[in-house]
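Summary of structural features
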Amino acid sequence: MKTILEIQKLDYKIKNLEREVENCPASVDFKNYKKLLQEGRSRFEQLEAQANEIINNYNAALNRFEKYKGNSEIVKKRNVENINLENVSTLISDANSLVGDLSEENRRVEDLVRKAEEVVRKSSNLSNKLTEIKKRSFVIKNNIEQKKQEVAPKIKELENQIKTLEKEVKNKPLYEKYKELKAKNIFPVYVSLDGNYCGRCKVELPLNFIETLKTKKMLPCEHCGSIIMISEKDVIG
Ligand SMILES: [Zn+2]
């Protein structure tokens, strides 16, 4: 067990170095950059959908104009001399409604033009912003790469030490378990009992759990999955 715990200490150092890379300012910048890029992309999609909607509305407006043009031709062709008094009011109301419809249509088209201008303005703003972010991302990536290369030899050295220690591990099943849980990100894998608390997640353990632990010497914590040992010396391996 002593060797496994020594390996665990080395793995802990490796994890710290990896965390150093993950939490370095450039990595944080990179996460923000990716978020901004994603936001930019979905904003572009929204703008594209808006542009499509404007085009559809505009085409519908054109079709309506064609219809009004047809109606106005019909009104024009009515022979004024043939119109009797009853027809005059119909003619006037037809003409009025045509004028009303046309001004309404004109308002709608003006509205569409305004919206289209807004979409174009927003798209170009967004595109400038994204280009700027992309340029900066090269610098950020370089900084992360630098940080990675800085810790790489240290990690390699620790990994070599682990390889040497692995040969000395006596209890293979315990070590297999260690590797299995570590791969599942349950780390540290073997922890001590801290009073009545789990040495990793600090959850208070039920009394019957502690009773069983006293006989079995090690048990996985029901809360975090790490294996709690009553005492390192009691565990053969
Ligand atoms: Zn726990």
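One can find the structure itself at the top, above this paragraph.
Now for a description of the structure that goes with this document. The structure presented is a predicted model; accordingly, all values stated were derived computationally and were not measured.

1. Remarks on the coordination of the zinc ion
Protein coordination at the zinc ion: the donors are Cys198 (SG), Cys201 (SG), Cys221 (SG) and Cys224 (SG), at 2.3 Å from the metal. Here the zinc ion binds 4 donor atoms, and the angle range of 107 to 111° at the metal identifies the geometry as tetrahedral. Cys201 gets classed as partly exposed once you look at its relative accessible area, which sits at 25%.

2. Looking at the pattern of salt bridges
Pairing is possible between side chains that carry opposite charge, provided their charged atoms lie close to one another. As enumerated under the stated definition, the model contains 13 salt bridges in all. A salt bridge links Asp111 to Arg114, with the shortest nitrogen-to-oxygen separation between them at 3.2 Å. Taken together, the positions of Asp111 and Arg114, both in helix α3 (residues 85–166) and 3 residues apart, correspond to about one turn of that helix. In this structure Asp111 comes out as partly exposed when scored by relative accessible area, which is 29%. Across the pair Lys184 and Glu180 runs a salt bridge, and its minimum N-O distance is 3.3 Å. A relative accessible area of 36% places Glu180 in the partly exposed class. Among the charged side chains, a salt-bridge network with shared partners connects Glu20, Lys147 and Glu150.

3. Brief notes about the side chain of Lys15
Position of Lys15 relative to the elements: it lies in helix α1 (residues 2–22). It is Glu18 that comes nearest to the buried, bridge-free Lys15 among opposite-charge side chains, at 5.2 Å. With residues near it in sequence (within four places) discarded, Lys15 still touches Lys182, Asn185 and Phe187.

Rules used in this analysis
Residues numbered from 1 in each chain as written. Predicted model: local features only at pLDDT ≥ 70, side-chain atom pairs only at ≥ 80, totals over all residues. Heavy atoms only, no water. Donors = N, O, S within 2.8 Å, 3.2 Å for Na, K, Ca; no water. Tetrahedral: all angles 85-135°; square planar, octahedral: opposite > 155°, others 65-115°. Buried < 20%, exposed > 50% of the residue type's maximum accessible area, 1.4 Å probe, protein only. Salt bridge = Lys/Arg side-chain N within 4 Å of Asp/Glu carboxyl O. Helix = DSSP H or I, 4+ residues; strand = E, 2+ residues; numbered from the N terminus. Lys, Arg positive; Asp, Glu negative; His and termini not counted. Contact = heavy atoms within 4.5 Å.

Read these as layout, nothing more, since geometry by itself doesn't imply function.
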